[in-house]
Amino acid sequence: MNSQPRTPWLTLAFVAANLILASMVTVGGGALVEQFGFKANSPSLVNAFVSMFLHWNVFHLLANMLFLAVAGTAVEQAAGMGRYAVVYLVGGLVGSGVH
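Residues numbered from 1 in each chain as written. Predicted model: local features only at pLDDT ≥ 70, side-chain atom pairs only at ≥ 80, totals over all residues. Heavy atoms only, no water.

A. The arrangement of the side chain of Ser-96 in detail. Turning to its location among the elements, Ser-96 is positioned in helix H5 (residues 81–98). According to the relative accessible area criterion, Ser-96 is buried, its value standing at 8%. Filtering out sequence-adjacent residues up to four positions away, Ser-96 remains in contact with Phe-38, Ala-48 and Ser-51. (Helix = DSSP H or I, 4+ residues; strand = E, 2+ residues; numbered from the N terminus. Buried < 20%, exposed > 50% of the residue type's maximum accessible area, 1.4 Å probe, protein only. Contact = heavy atoms within 4.5 Å.)

Quick look at the structure:
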């Protein structure tokens, strides 16, 4: 039995995606948020997906990334990459839907 934890590649990818999109928003100003942020009055699957990776400010981003790094690693280790991806993505889409 291998007792060494696996590298949480998917969690690292989610953190990287969030940080890359945050950098793009910073460089491009609010245009990216205006174009791809979720709009309850005109919902779309693309906007719901992209909005999972948008954050209100740097503190929101850093707090979420800290939580994602800790909790996401544990969930990925316990559930595996596939189940974790489904939970993360479906959870984000459902969150946009109920917003």
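Let's pick the thread back up.
B. Structural context of the layout of surface pockets. Of the pockets and cavities examined, the largest pocket occupies roughly 580 Å³. Val-33, Ser-51, Leu-54, His-55 and Trp-56 are, among the 21 residues lining the largest pocket, the residues nearest its centre. Within the residue set of the lining of the largest pocket, elements represented by two or more residues are helix H1 (9–28), helix H4 (58–79) and H5. A per-class count over the lining of the largest pocket returns eleven nonpolar, nine polar and one charged. (1 Å grid on protein atoms, 1.4 Å probe; cavity = no way out; pocket = protein on both sides within 12 Å on 5 of 7 lines; lining within 4 Å. Points joined across faces, edges and corners; volume = space filled by probe spheres on them. Nonpolar A, V, L, I, M, F, W, Y, C, P; charged D, E, K, R; others polar.)

C. Region of interest: the environment of Val-90. The topology assignment puts Val-90 in helix H5. Taking relative accessible area as the criterion, Val-90 reaches 45% and is therefore assigned partly exposed. Along the chain, Val-90 and Phe-49 lie 41 residues apart, while their C-alpha atoms are 9.5 Å from each other.

D. Structural detail: H1. The end-to-end C-alpha distance of H1 is 28 Å, a good match for the 28 Å that 20 residues give at a rise of 1.5 Å each. Each element contacted by the buried residues of H1 is listed here: helix H2 (31–36), helix H3 (45–51), H4 and H5. Once H1 ends, the next one or two residues include Gly-29, with phi positive near 75 degrees. (Expected span 1.5 Å × (residues − 1).)

E. Layout of the packing of aromatic side chains. Inspection of the entire model under this criterion finds five aromatic pairs. Note on Phe-14 and Tyr-88: the rings are 3.8 Å apart at their centroids and 10 degrees apart in plane angle, and the pair reads as stacked. On the criterion of sequence distance, the pair formed by Phe-14 in helix H1 and Tyr-88 in helix H5 is long-range, its members being 74 residues apart. Each member of the pair, Phe-14 as well as Tyr-88, is classed as buried. One aromatic cluster in this structure is built from Phe-14, Phe-49, Phe-53, Tyr-84 and Tyr-88. (Phe/Tyr/Trp six-rings, centres within 6.5 Å; stacked < 30°, edge-to-face > 60°.)

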